[in-house]
Amino acid sequence: MKRCVLTGGSRAGKSTVLNELERRGFVTVPEAAQIMIQESIDKYGAHPDDINEVEFLKTILLKRLELEEAAKGDTVFIDRGIFDGIAYARFFKAKVPEEFELFTDSKRYHKVFLLEMLPTYEQTEVRRESPEMRETMHSLIKEAYAMVGYKLIFVPVLSVEERANFIIQRID
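Residues numbered from 1 in each chain as written. Predicted model: local features only at pLDDT ≥ 70, side-chain atom pairs only at ≥ 80, totals over all residues. Heavy atoms only, no water.

### Section: the side chain of K14
Phase 1: In this structure, K14 sits in helix α1 (residues 14-23).
Phase 2: Apart from the residues lying within four places of it in its own chain, the contact partners of K14 are L6, T7, G8, G9, D79, R80 and L115. (Helix = DSSP H or I, 4+ residues; strand = E, 2+ residues; numbered from the N terminus. Contact = heavy atoms within 4.5 Å.)

Below, the structure is given as structure tokens:
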């Protein structure tokens, strides 16, 4: 199985491109953090970042692993990978949870696609990052994947269809 990560700063178009890839018949994995954030808001009326960032990162890691392991297909596209969590820990100036280090020597992902950020951005209840945080996270994500040995494939700002084509052409 080829696991391919779509990553980048918040609102870079990852989920939109992922939906296009799914429409074309590929297996996809949604973003674990977005699922967990929405569940927390629905259940507790609070964003989990307001509670404990480090514990939330661990919870996201477990959810991400669960979602990735459940996905079956020759090529699977994943909305954010494990190492996005390292970037978020660094942003929050928190110790990277030990659980992340279990994966730093593995080549879990076949390819990692970093989507360049879209010029427009609006905050939502789930995605509260400021434009500045969004840019900082984009840089930290680049650093996190490079730090564990992945060569990033930069996906330029194009139409959704063109971005999907760009990614598909670079799977092998």
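### Quick word on the packing of helix α4 (residues 84-91) against helix α6 (residues 131-147)
Phase 1: Where α4 meets α6, the closest approach of the two axes is 8 Å, and the angle between their N-to-C directions is 125 degrees. As far as their axial angle goes, α6 and α4 are oblique. The interaxial crossing formed by α4 with α6 has right-handed handedness. Here D84, I86, A87, Y88, R90 and F91 of α4 lie close against α6, whose contacting residues are M133, T136, M137, L140, I141, E143, A144, Y145 and M147.
Phase 2: Partitioning the contact of α4 with α6 into residue classes produces 11 nonpolar, one polar and three charged. (Axes fitted to C-alpha atoms, helices over the stretch in contact; angles between N-to-C directions. Parallel < 35°, antiparallel > 145°, perpendicular 65-115°, else oblique. Left-handed = near helix turned anticlockwise from the far one by under 90°. Nonpolar A, V, L, I, M, F, W, Y, C, P; charged D, E, K, R; others polar.)

### Some points on unusual backbone geometry
Phase 1: Of note, R11 is a non-glycine position whose phi angle comes to about 60 degrees, a positive value.
Phase 2: Within the secondary structure, R11 is located in the loop between β1 (2-7) and α1.
Phase 3: According to the relative accessible area criterion, R11 is partly exposed, its value standing at 36%.
Phase 4: With a phi close to 70 degrees, R80 is a non-glycine residue in the positive phi region. (Buried < 20%, exposed > 50% of the residue type's maximum accessible area, 1.4 Å probe, protein only.)

### Notes on the environment of P30
Phase 1: Inspection of the secondary structure puts P30 in the loop between β2 (27-29) and α2 (32-44).
Phase 2: For the pair P30 and R64, spaced 34 residues apart in sequence, the C-alpha to C-alpha distance is 8.8 Å.
Phase 3: Those residues within four positions of P30 in sequence are excluded, and the remaining contacts are L18, I35, L67 and D79.

### A few points about the pattern of salt bridges
Phase 1: Tallying each qualifying case throughout the model produces 10 salt bridges.
Phase 2: E69 is the partner of R108 in a salt bridge, and the nearest nitrogen-oxygen pair spans 2.7 Å. Placement of R108 in the loop between α5 (98-101) and β4 (111-115) and of E69 in helix α3 (residues 53-70) is noted, with a sequence separation of 39 residues between them.
Phase 3: Here R90 ties to E143 by a salt bridge, and the two come within 3.1 Å at their closest N and O atoms. One end of the pair, R90, is in helix α4; the other, E143, is in helix α6, with 53 residues separating them in the sequence.
Phase 4: Given the relative accessible area of 36%, R90 is considered partly exposed.
Phase 5: Exposure remark for E143: the relative accessible area of 38% places this residue in the partly exposed category. (Salt bridge = Lys/Arg side-chain N within 4 Å of Asp/Glu carboxyl O.)

### Points about the nonpolar core
Phase 1: I82, F83, Y109, V112, M137, Y145 and Y150 are the most contacted members of the largest nonpolar core, which totals 35 residues.
Phase 2: Contributions of two or more residues to this core are made by α2, α3, β3 (75-79), α4, β4 and α6.
Phase 3: Counting 15 residues, the second largest nonpolar core, distinct from the first, contains V17, L115, V155 and F166. (Core = buried A, V, L, I, M, F, W, Y, C linked by side-chain atoms within 4.5 Å.)

### What about the environment of E161?
Phase 1: Mapped onto the fold, E161 is located in helix α7 (residues 160-168).
Phase 2: Overall, E161 belongs to the partly exposed group, its relative accessible area being 43%.
Phase 3: Through-space distance from the C-alpha of E161 to that of L21 is 8.9 Å; in sequence the pair is 140 residues apart.
Phase 4: Sequence-distant contacts of E161, that is, excluding residues within four places in its chain, are made with E20 and R24.

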